[in-house]
Amino acid sequence: MFKSKEDVAQEFRKQKYICNDEISTVIYLAEQMQKPVLVEGPAGVGKTSLAGVWADASGLELIRIQCYEGLDESKALYEWEYAKQLLYTQILKEKVGEVLGDCRSLKEAVEKIDKEDNAFFSEDFILPRPLLRAILSEKPVVLLVDEVDKSDPEFEAFLLEVLSDFQVSVPELGTIKARHIPRVILTSNNAREMTDALKRRCLHLFIDFPVPQQEMEIVNLKVPNITDTLASQVVNVIQKIRKVDLKKLPSISETLDWARALTILNVAALDEQTVKSTLNLFLKYEGDIKKVKSNLHNVLSSTEGKLN
Ligand SMILES: Nc1ncnc2c1ncn2[C@@H]1O[C@H](COP(=O)(O)OP(=O)(O)O)[C@@H](O)[C@H]1O
Ligand SMILES: [Mg+2]
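Residues numbered from 1 in each chain as written. Chains lettered and ligands numbered in written order. Predicted model: local features only at pLDDT ≥ 70, side-chain atom pairs only at ≥ 80, totals over all residues. Heavy atoms only, no water.

Caption draft 1: Structural context of the overall build of the protein. For the protein, the count of helices and strands is 16 helices and nine strands. For the protein, the C-alpha radius of gyration of 26 Å lies well beyond 19 Å, the compact-globule estimate for 308 residues. Summarising its shape, the C-alpha atoms of the protein cover approximately 95 × 45 × 35 Å along the three principal directions. Burial status across the protein gives 43% buried among its 308 residues. Partitioning the intrachain contacts of the protein with sequence separation of at least 6 by distance along the chain shows that 77% fall at a separation of at least 24. (Helix = DSSP H or I, 4+ residues; strand = E, 2+ residues; numbered from the N terminus. Rg over C-alpha atoms; globule rule 2.2 N^0.38 Å. Buried < 20%, exposed > 50% of the residue type's maximum accessible area, 1.4 Å probe, protein only. Contact = heavy atoms within 4.5 Å.)

In structure tokens, the structure reads:
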């Protein structure tokens, strides 16, 4: 358990993750209050990696559910292992024969098998999916429900039920209660609005693009060979480009890609020409590249009139 929000920030930094005050506060509170965290924000700002870092910083296992359209309970919670059930009925043929004994009619045989079916619908034949694994785990875990906005509203409703009391009911086995309440992160890119009920259940965290100082720290931490000059120029240009009206603004992942590429290319300092010829490393749409290229001088000189 973290001692304070400052402790969270410090431990996360050891995992190469730079928190702003909001992030460390929400993670600290989530642990103390045993509440799930719903993290929203643009792509590439560190929502998914937050869960992994939380797990690593606490020495806990990370269990992940990647959401998509059509994801349902059987994929997230549990399935019966049909193949194993079938195999066992084959292996246990003789035993099944014994049970059926001298049944004279099919109806009688079915009734007899019916009485025995709990042998095949027991914990031996259940295949736990991530949610059930998180609930059954002997140790606390971090559960990541990634991109929950891609799942259907029915799945969200089911998830809400699980998150409200951390127990699930399997008709054949009864209610299974969590041994430990997992630390939960749900992420959303806002493909659709989450329901009020889900928001109420969770602590809410919006992660936006980082402020220059935070982005500088991330670049310095993750691109170890970069010079101070280049790091600050890269961050400065990216921050300016984020003010342009583009289809897809560059995120932290793009900043890191660009910074790494420039160090590989042995660029010591940026000039307009170098920026122009490497725009494709952080802009992913042809239209965005054209727009920035045609107006690069103005974009770069928007505040201080130079690159750094
Ligand atoms: N605050 C941060 N500190 C360090 N690295 C970060 C931070 N935020 C994002 N990153 C890096 O940016 C990349 C994208 O992060 P990711 O978690 O996949 O974003 P998202 O899930 O929001 O799309 C990863 O390589 C991650 O390590
Ligand atoms: Mg993600």
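Caption draft 2: A look at the site of ligand 1. Lining the immediate surroundings of ligand 1 are 17 residues, of which I18, G44, K47, S49 and K222 lie closest. Within the backbone of G46, one N or O atom sits 3.1 Å away from an oxygen atom of ligand 1. Relative to its unbound accessible surface of 560 Å², ligand 1 loses 80% to contact with the protein. Broken down by secondary-structure element, the contributors of at least two residues to the shell around ligand 1 are α3 (47-58), α11 (212-222) and α13 (252-264). A class-by-class count of the residues in the shell around ligand 1 yields eight nonpolar, six polar and three charged. No fewer than three residues from each of domain 1 (5-76 + 129-206) and domain 3 (212-300) sit in the shell around ligand 1. (Near = heavy atom within 4 Å. Polar contact = N/O pair within 3.5 Å; in protein donor to acceptor, adjacent residues only side chain to side chain. Areas by Shrake-Rupley, 256 points an atom, 1.4 Å probe, with all protein chains shown as cover. Nonpolar A, V, L, I, M, F, W, Y, C, P; charged D, E, K, R; others polar. Domains from an automatic or database assignment.)

Caption draft 3: How the structure looks around the domain arrangement of the protein. Split into domains, the protein comes out as domain 1 (5-76 + 129-206), domain 2 (79-125) and domain 3 (212-300). Domain 2 and domain 3 are separated by 64 Å when their C-alpha centres are compared.

Caption draft 4: Region of the structure containing the sheet that holds strand β8 (residues 183-188). The five strands are arranged β2-β5-β8-β1-β9 in an open sheet whose pairing can be described as parallel. Two strands lie at the open edges of the sheet, namely β2 (61-66) and β9 (203-206), each paired on one side alone. Sheet twist, expressed as the mean angle between neighbouring strand axes with direction ignored, is 20 degrees. Alignment of strand β1 (residues 37-40) against β8, held across four bridges, turns out to be parallel. Note on β8: the bridge partner recorded for E40 is S188. (Pairing = 2+ DSSP bridges. Axes fitted to C-alpha atoms, helices over the stretch in contact; angles between N-to-C directions.)

Caption draft 5: Examining the environment of T263 more closely. Locating T263 in the fold gives a position in helix α13. Classification of T263 by relative accessible area gives partly exposed; the value is 22%. Counting along the chain gives 83 residues from T263 to H180, while the straight-line C-alpha distance between them is 45 Å.

Caption draft 6: Representation of the nonpolar core in the model. Counting residues in hydrophobic clusters, the biggest one holds 35 residues, and the most contacted among them are I65, L131, L143, V145, V148, L159 and L186. Listing elements by their share of this core, those giving two or more residues are β2, β3 (78-80), α8 (130-136), β5 (141-146), α9 (153-165), β6 (167-170) and β8. A total of five residues in this core trace back to one element, the largest contributor, which is α9. Taken domain by domain, this core gets at least three of its residues from each of domain 1 (5-76 + 129-206) and domain 2 (79-125). When near neighbours in sequence (up to four residues on either side) are disregarded, L159 contacts L131, V145, V148 and L186. (Core = buried A, V, L, I, M, F, W, Y, C linked by side-chain atoms within 4.5 Å.)

Caption draft 7: The arrangement of the packing of helix α6 (residues 93-100) against helix α7 (residues 106-116) in detail. Across the interface, α6 lies against α7 with an axial gap of 9 Å and an inter-helix angle of 120 degrees. Relative to α7, α6 is oriented so that their crossing is right-handed. Contact residues: V96, V99 and L100 in α6; A109, K112, I113 and E116 in α7. (Left-handed = near helix turned anticlockwise from the far one by under 90°.)

Caption draft 8: Looking closely at α11. Burial in α11 covers these residues: Q214, E215, I218 and V219. Looking down the long axis of α11, one finds its buried residues gathered within 135 degrees of arc, a one-sided arrangement. (Arc of directions from axis to C-beta.)

Caption draft 9: Representation of the environment of I264. Locating I264 in the fold gives a position in helix α13. When the C-alpha atoms of I264 and I226 are compared, they prove to be 9.6 Å apart, with 38 residues separating the residues in sequence.

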